[in-house]
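Next come the chains, spelled out residue by residue.
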Amino acid sequence: MTTHKLTLSPEQLFMGSVLLVNGGNYLYNIILGRLLTPAVFAEAALLITLLLILSFIGMTFQLAMAKFTVIFSGSTWKAFNRYIHKAGLVTGVGMGILVVGLAPALQQLFNTSNFWMFTAFGFGVPLYILMSIKRGKDHGKQHYSRLSLSYQTEMWSRLLLTLAALALLPAKPGILVGMGITASFLFGLIPGGINLNIFKIKEHLKPADHFQVSRFILITASYEFTQIIINNSDILLVKHFFESSDAGLYASLALIGRVVYFVAWMFVMLLLPALLERQKRGDNTNPLLYKYVMYIGLFASTMVLGCYLFPEMIIQLMFGQDYLSISGLLWQYALATSLFAISNIFAYYFLCLDDYIPVMWSGIFGISQVLLIILFHSSLDMVVQLQIVVMSFLLISQLIYFAYKNIMR
């Protein structure tokens, strides 16, 4: 009898690792939600949201590193490697100084109990950018095992260090969460490390290559920024316009509803190098898009249905009795996030192919969402329902553009 040994591909291992990381991040938030009152949890959730906002810069550098790792070789690759590390270091230090300097203003803006939580967070910004660049290299070379290890070390160190600090140190929870986030970036840098000899490379990018890289970074940063606006502005605006207890309830709602978005991000990470390889070979890239849209669509539909049928059970299991009042909005938030996640797949598809019109759509709808919430925020229900409307129009615009491009091909 022939026996078949079960083996997993690097891509499958990466998918499993990402699911574990997302599960760990949810465990981190759930434990914080259960340890802290809704009002105090709102401050911890604010820092986590700021981390997601920072990720628009980190992901810009990661995607640029991944793309041009596939495209460039030889001396051009060396010159690019030097360029993006120097640009990332300057950007990270500049942003870190800005966050630390504006910490008192951020305290006033978001009604937090202290500004030291923002200071602790600011010191981690340069580390986060360098970590993202390192991940981009592993991503482009499809070194999924090392990429997975970086995500694992970051997540587990943040979870364990933050919980240990909350148990052992007398400081305010917001400060301890900020310290835990910053320390986790150091652990995320450990797999592969940073080669300081990169900064000694003498090669420089040719003007044409420099323009290509700069344009991609600028466009990608613009798109990532619109994603951050769409995906996080609601939490920040709710924290500003509503009482702390309501903001904490909304933060728990958003955390559960965003499962779809994080799973979609996993497929985007797999889509990018595979799409670029197909493009280099001159193959049709549409089947790849159809496959990932189908995966996300099925998962999103299951999530929305589960949140509709069992909202109280999900809230009770994850956060406890104090958060049950928000359960009626759970399926609606999951629907809004699902619409955004599917439109996101289309946007990244075109971004990889150097077609930037969908970036413009995302910017328009992202700004529209912010303005609508600022103008109409009489209740949390209205905040969520406005997002459903805006995300529906965003997805429709992406589908129309995709159909148009295929007709014109």
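The rules behind these values
- Residues numbered from 1 in each chain as written.
- Predicted model: local features only at pLDDT ≥ 70, side-chain atom pairs only at ≥ 80, totals over all residues.
- Heavy atoms only, no water.
- Core = buried A, V, L, I, M, F, W, Y, C linked by side-chain atoms within 4.5 Å.
- Buried < 20%, exposed > 50% of the residue type's maximum accessible area, 1.4 Å probe, protein only.
- Helix = DSSP H or I, 4+ residues; strand = E, 2+ residues; numbered from the N terminus.
- Contact = heavy atoms within 4.5 Å.
- Salt bridge = Lys/Arg side-chain N within 4 Å of Asp/Glu carboxyl O.
- 1 Å grid on protein atoms, 1.4 Å probe; cavity = no way out; pocket = protein on both sides within 12 Å on 5 of 7 lines; lining within 4 Å.
- Points joined across faces, edges and corners; volume = space filled by probe spheres on them.
- Nonpolar A, V, L, I, M, F, W, Y, C, P; charged D, E, K, R; others polar.

Looking now at the nonpolar core. In this structure, Phe-80, Phe-118, Phe-121 and Tyr-250 are the most contacted members of the largest nonpolar core, which totals 141 residues. Tallying contributions element by element places helix H2 (residues 38-71) first for this core, with 20 residues. Leaving out residues up to four positions away in the same chain, Phe-80 has contacts with Ala-64, Met-65, Phe-68, Phe-72, Leu-205 and Val-213.

A separate point is the pattern of salt bridges. One pass over the full model with this rule turns up 5 salt bridges. Between Glu-154 and Arg-135 there is a salt bridge; the shortest N-O distance is 2.6 Å. Taken together, the positions of Glu-154 in helix H7 (residues 144-168) and Arg-135 in helix H6 (residues 125-140) put the pair 19 residues apart, joining distant regions of the chain. Take Glu-154 and Arg-135: they sit in the same class, and that class is buried.

One way to see where empty space is left: roll a probe the size of a water molecule over the atoms. When its volume is computed, the largest pocket comes out at roughly 610 Å³. Surrounding the largest pocket, 23 residues form its lining, Leu-50, Ile-53, Leu-106, Phe-110 and Leu-236 being those nearest its centre. With 8 residues, helix H9 (residues 207-241) is the largest single contributor of residues to the lining of the largest pocket. Looking at the lining of the largest pocket, its residues break down into 20 nonpolar, 3 polar and no charged.

What follows covers empty space enclosed by the protein. One pass over the full model with this rule turns up 4 cavities of 30 Å³ or more. Here the largest cavity is characterised by a volume of approximately 780 Å³. Forming the boundary of the largest cavity are 39 residues, of which Asn-25, Leu-51, Leu-52, Ser-55 and Phe-262 lie nearest the centre. Elements represented by at least two residues in the lining of the largest cavity include exactly helix H1 (10-35), H2, H6, H7, H9, helix H10 (244-257) and helix H11 (259-281). Here the residues of the lining of the largest cavity are counted per class, giving 23 nonpolar, 11 polar and 5 charged. Counted as a void, the second largest cavity has a volume near 70 Å³. If you list the elements that add at least two residues to the lining of the second largest cavity, you get H9, helix H14 (330-352) and helix H16 (380-408). A total of 4 residues in the lining of the second largest cavity trace back to one element, the largest contributor, which is H14. Class assignment for the residues of the lining of the second largest cavity results in 5 nonpolar, 4 polar and 1 charged.

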